[in-house]
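So the chains spell out like this:
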Amino acid sequence: MHILITGGAGFIGSHVVRHFLKNHPAYTITNLDKLTYAGNLANLHDIDQQPNYRFVKGDITDGDFLMRLFAENRFDGVIHLAAESHVDRSIANPTEFVVTNVLGTVNLLNAARASWHPDYSGKRFYHISTDEVYGSLGREGLFTEETPYDPHSPYSASKASSDHFVRAWHDTFGMPVVISNCSNNYGSFQFPEKLIPLFINNIVNRKPLPVYGKGENIRDWLWVVDHAEAIDVIFHRGRNGETYNIGGHNEWSNIDLIRLLCRIMDTKLARPSGASEKLVAYVTDRAGHDLRYAIDSSKLQRELGWVPSISFEKGLELTVDWYLSHAEWLDDVTSGGYQRYYEEMYGNR
Ligand code: NAD
Ligand code: TYD
């Protein structure tokens, strides 16, 4: 099998690439990534010399480039993760999210169709999406695969739109597709703009921890390694045209999560108890801030037998340990040094 993974230099993508190389050594993996601020080849340092792995720098918004890439390669499957992924950035610059997440996905569908049509046997287009497409829950209930779409942020609206296009290619053109909608991920290699790595980095540097609103919003957190395992299971055994929700049954209000993180950080940094929590600073709420996300992943459990492997407390501690022992990685991605390096390396290609 030759699989194209898009966004493989990002947070989740790098875990998916690593997982597939380890668990499916007979496969060839091509990682297509534009290397935006969120894409970092250092995330793949441990595996990038493997003979069945190849990196291609490219942009999914460039339809001609994708057509050429698919003409030159006989991909059996696509696992599509490339996206703009941060809600706050989508509020600052919505158009970029439409172009990358919607147009980029349609370009990829077009290229896969042109390459595979009319014989789709053995092919699969797997689109990685988010629980945020379902909107916001009240205090009760869970998102199921039947929950109507109700996105509120430009990010979730662009992901919802891309999901619709993927289903349209299945219904209209017979493309074998599968979609999964996952809850908030955490773990190693996450860019420190998202809650957990941002707060770890700020605590290390004794900087304020900006809690939006009252910190009452609730998220359902899943260890990224468990997400990669779920993606493997769904890619191989998920039914065509189906959607699978992936979640950790692990709901935390932001403030409770932050307090737990602060306690872990105090211990790991040998600081007095309560030192990290003193950095909490309540700030103006995010516009359109969804109150609660919570996933019902029973379909995935029932049909494909997937369950998360570790508790949140354990996963969070592993994550903190990873960031504290990879200070150089954090410095690089926050300094912009690696961005300049890529400019020099790839700027003219
Ligand atoms: P990320 O921002 O860490 O990585 C995105 C990757 O996509 C980067 O490597 C970036 O360089 C690449 N990319 C961006 N624009 C591109 C373009 N035009 N062409 C090619 N590559 C491009 O994101 P992530 O958190 O790893 O999320 C990956 C996917 O999973 C996204 O589709 C996201 O919507 C989805 N998802 C994320 C979460 C989460 O908690 N992070 C949860 C559910 C679903
Ligand atoms: P985030 O990691 O951006 O993921 P998402 O918005 O996709 O859920 O944010 C997680 C939660 O943390 C969300 O409710 C917003 C909140 N948050 C803060 O309170 N302060 C911050 O600085 C950030 C980045 C997020």
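Shown above is the structure to which this text applies.
Residues numbered from 1 in each chain as written. Chains lettered and ligands numbered in written order. Predicted model: local features only at pLDDT ≥ 70, side-chain atom pairs only at ≥ 80, totals over all residues. Heavy atoms only, no water.

**Topic: the packing of aromatic side chains**
Put simply, the test is: Any two rings among Phe, Tyr and Trp, with Trp reduced to its six-membered ring, count as a pair given centres within 6.5 Å; such a pair is stacked if its planes are under 30 degrees apart, edge-to-face if over 60, and tilted if neither. Helix and strand assignments follow DSSP, with helices taken as H or I runs no shorter than four residues and strands as E runs no shorter than two, numbered in order from the N terminus. The rule is simple: take the accessible area with a 1.4 Å probe, protein chains only, and divide by the maximum for that residue type; under 20% is buried, over 50% is exposed, in between is partly exposed.
Within this structure, the stated rule accounts for 16 aromatic pairs. With a centroid separation of 5.0 Å and 85° between ring planes, the pair formed by Tyr37 and Phe191 is classed as edge-to-face. With a gap of 154 residues between them, Tyr37 in the loop between strand S2 (28-33) and strand S3 (53-57) and Phe191 in the loop between strand S7 (184-186) and helix H6 (195-204) connect regions that are remote in the sequence. Taken individually, Tyr37 and Phe191 each receive the classification buried, so the pair is uniform in this respect. An angle of 70° between the planes, with centres 5.3 Å apart, marks the rings of Trp322 and Trp329 as edge-to-face. You'll find Trp322 and Trp329 in the same group, each marked buried. An aromatic cluster of three or more residues is present, and its members are Tyr134, Phe143, Tyr149 and Tyr293.

**Let's talk about the site of ligand 1**
Inclusion rule: By convention in these notes, a residue is near a molecule or strand provided one of its non-hydrogen atoms lies within 4 Å of it. In protein, a polar contact means a hydrogen-donor-capable atom and an acceptor-capable atom, both N or O and within 3.5 Å, with residues adjacent in sequence counting only if both atoms are side-chain atoms; elsewhere, any N or O pair within 3.5 Å suffices. Here the open area of atoms and residues is found with the Shrake-Rupley method and a 1.4 Å probe, where only the protein chains shown may cover a residue. Under this grouping Gly is polar, as are all residues other than the nonpolar Ala, Val, Leu, Ile, Met, Phe, Trp, Tyr, Cys and Pro and the charged Asp, Glu, Lys and Arg.
In the neighbourhood of ligand 1, 29 residues make up the surrounding shell, with Ile12, Asp33, Ser85, Tyr155 and Lys159 lying closest. Within the backbone of Leu35, one N or O atom sits 3.4 Å away from an oxygen atom of ligand 1. Here Ser85 contributes a side-chain N or O atom positioned 2.7 Å from an oxygen atom of ligand 1. Alone, ligand 1 offers 840 Å² of accessible surface; in the complex the protein occludes 97% of this. Counting only elements with at least two residues in the shell around ligand 1, the list comes to helix H1 (11-23), strand S5 (124-130), helix H5 (154-173) and S7. Here the element with the most residues in the shell around ligand 1 is S5; it accounts for three residues. Residues of the shell around ligand 1, tallied by class, amount to 12 nonpolar, 13 polar and four charged.

Just geometry here; none of it tells us what the structure is for.
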